[in-house]
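Architecture and fold: a report
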Amino acid sequence: MKYTFTLFALFLSLFTTAQSEVESERKLRVGLNYGFNYTLLSSEPKVDDMLRNWNLGNRFGLVAHYRVSPKLSIKPSVELSFNDASIFSSIISSFAYSPNYRTIDIIVPMAYDLGNCSDFYIAFGPGLKVPIEDVQTTAQYPGVFDLTGELHIGSRRTIRRFNLVPELRLSSGLLNINNNPSFQQIRQHNISLVVSLIR
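Residues numbered from 1 in each chain as written. Predicted model: local features only at pLDDT ≥ 70, side-chain atom pairs only at ≥ 80, totals over all residues. Heavy atoms only, no water.

Overall, the coordinates contain 9 salt bridges when judged by the stated rule. The partner of Arg169 in a salt bridge is Glu79, and the shortest N-O contact between them spans 2.9 Å. Note that Arg169 is positioned in strand 12 (residues 162–173) and Glu79 in strand 5 (residues 77–82), a separation of 90 residues in sequence. Looking at Arg169, the relative accessible area reads 3%, which means it is buried. (Salt bridge = Lys/Arg side-chain N within 4 Å of Asp/Glu carboxyl O. Helix = DSSP H or I, 4+ residues; strand = E, 2+ residues; numbered from the N terminus. Buried < 20%, exposed > 50% of the residue type's maximum accessible area, 1.4 Å probe, protein only.)

A few words on the pairing of strand 7 (residues 102–107). Burial of the side chains of strand 7 is restricted to one face: Thr103, Asp105 and Ile107 are buried, whereas none of Arg102, Ile104 and Ile106 on the reverse face is. Summarising the sheet, strand 5 and strand 7 pair through 6 bridges and their orientation is antiparallel. Paired with Glu79 across the strands is Asp105, a residue of strand 7. In this sheet, strand 9 (residues 120–131) lies alongside strand 7 in antiparallel orientation, the contact comprising 5 bridges. In the sheet register, Thr103 faces strand 9, and the bridge partner there is Pro131. (Pairing = 2+ DSSP bridges.)

Attention now goes to the nonpolar core. Grouped together as the largest cluster of nonpolar side chains are 10 residues: Leu41, Met50, Ala85, Ile87, Tyr97, Tyr141, Val144, Ile177, Phe183 and Ile186. Ranked by size, the runner-up nonpolar core spans 6 residues in total, among them Ala111, Ala123, Val165 and Ile198. (Core = buried A, V, L, I, M, F, W, Y, C linked by side-chain atoms within 4.5 Å.)

Bringing the side chain of Asp105 into the picture now. By the secondary structure assignment, Asp105 is in strand 7. Among the polar contacts made by the side chain of Asp105, one reaches the side chain of Thr103 at a distance of 2.7 Å. Polar contacts involving the side chain of Asp105 include one to the side chain of Lys129, which spans 2.9 Å. (Polar contact = N/O pair within 3.5 Å; in protein donor to acceptor, adjacent residues only side chain to side chain.)

This next bit is on unusual backbone geometry. Here Asn100, not a glycine, exhibits a phi torsion of approximately 50°, which is positive. Mapped onto the fold, Asn100 is located in the loop between strand 6 (85–88) and strand 7. Phi at Arg160 is positive, roughly 55°, even though this residue is not glycine. Within the secondary structure, Arg160 is located in the loop between strand 11 (157–159) and strand 12.

Glancing now at the packing of aromatic side chains. All told, the structure shown has 3 aromatic pairs when counted by the stated rule. Sitting over the face of the ring of Phe162, Arg199 holds its NZ or CZ atom 5.9 Å from the ring centroid. (Phe/Tyr/Trp six-rings, centres within 6.5 Å; stacked < 30°, edge-to-face > 60°. Lys NZ or Arg CZ within 6 Å of the ring centre and 35° of its normal.)

A word on the pairing of strand 8 (residues 110–113). Because side chains alternate across strand 8, one face comprises the buried residues Ala111 and Asp113, and the other comprises Met110 and Tyr112, none of which is buried. As defined by bridge partners, strand 4 (residues 72–74) adjoins strand 8 across 3 bridges and the pair is classed as antiparallel. Within strand 8, the position partnered with Ile74 by the bridge is Met110.

A contiguous nonpolar surface patch, about 1,100 Å² in accessible area, is contributed by Tyr34, Phe36, Tyr38, Leu56, Phe60, Phe124, Leu151, Ile153, Leu168, Leu170, Ile191 and Leu193. For the nonpolar patch, the secondary-structure elements that each account for two or more residues are strand 1 (28–44), strand 3 (56–67), strand 10 (146–155), strand 12 and strand 13 (185–198). Broken down by element, the residue count for the nonpolar patch peaks at 3 residues, all from strand 1. On the secondary structure map, Phe124 appears in strand 9. (Patch = residues over 30% accessible without salt bridge, like charges linked within 9 Å, V, L, I, M, F, W, Y side chains within 5 Å. Areas by Shrake-Rupley, 256 points an atom, 1.4 Å probe, with all protein chains shown as cover.)

Averaged over all residues, the pLDDT of the protein is 82; the fraction at 70 or higher stands at 78%. pLDDT under 50 marks residues 1–24. Its contacts with residues more than four places away, or in other chains, come to 3 contacts. (pLDDT = per-residue confidence, 0-100. Contact = heavy atoms within 4.5 Å.)

As a further point, take the environment of Arg102. Residue position: Arg102 is located in strand 7. Given a relative accessible area of 26%, Arg102 falls into the partly exposed group. Through-space distance from the C-alpha of Arg102 to that of Asn83 is 6.0 Å; in sequence the pair is 19 residues apart.

This is the structure in structure tokens:
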């Protein structure tokens, strides 16, 4: 009986270790995320009474994590983003203008684990914003596709079989998203705090 118990304990230990190694060696993980945006607009021309209304919006979507090497991984995501920001000037326009208020964001950053510990990482790469405007906004000025440069700093925390990943993001708009003839150009930038739950 004693030997049977010892063999069972040894088998259980080996099985648990094997399961842990399989989990740790998984290259592809998927999950969901949710977070908040702080959206900023930069515009031309600059006039004295220019008012910019910057508020918190939110974002949520699907995220994946593909391990390329022990230090490098790709972190693509597809998210619905609410970019709550508007710009107004009584000199050049009679109403507040909110370009690309709602967008589908497709982001493909490359992540690099910092130091000897893979809990913290820095990621950078391109992004694409696809506008989804409501009827009222579209009837005035349609949204414009935008390319972004992404910089993310995050941390991974393991909770049972899940990774909890809080992430601070800086997203800089590279293209002019203006369709309002009252302005020459407008660029949109985001500061976001996002939390992902990855299996």
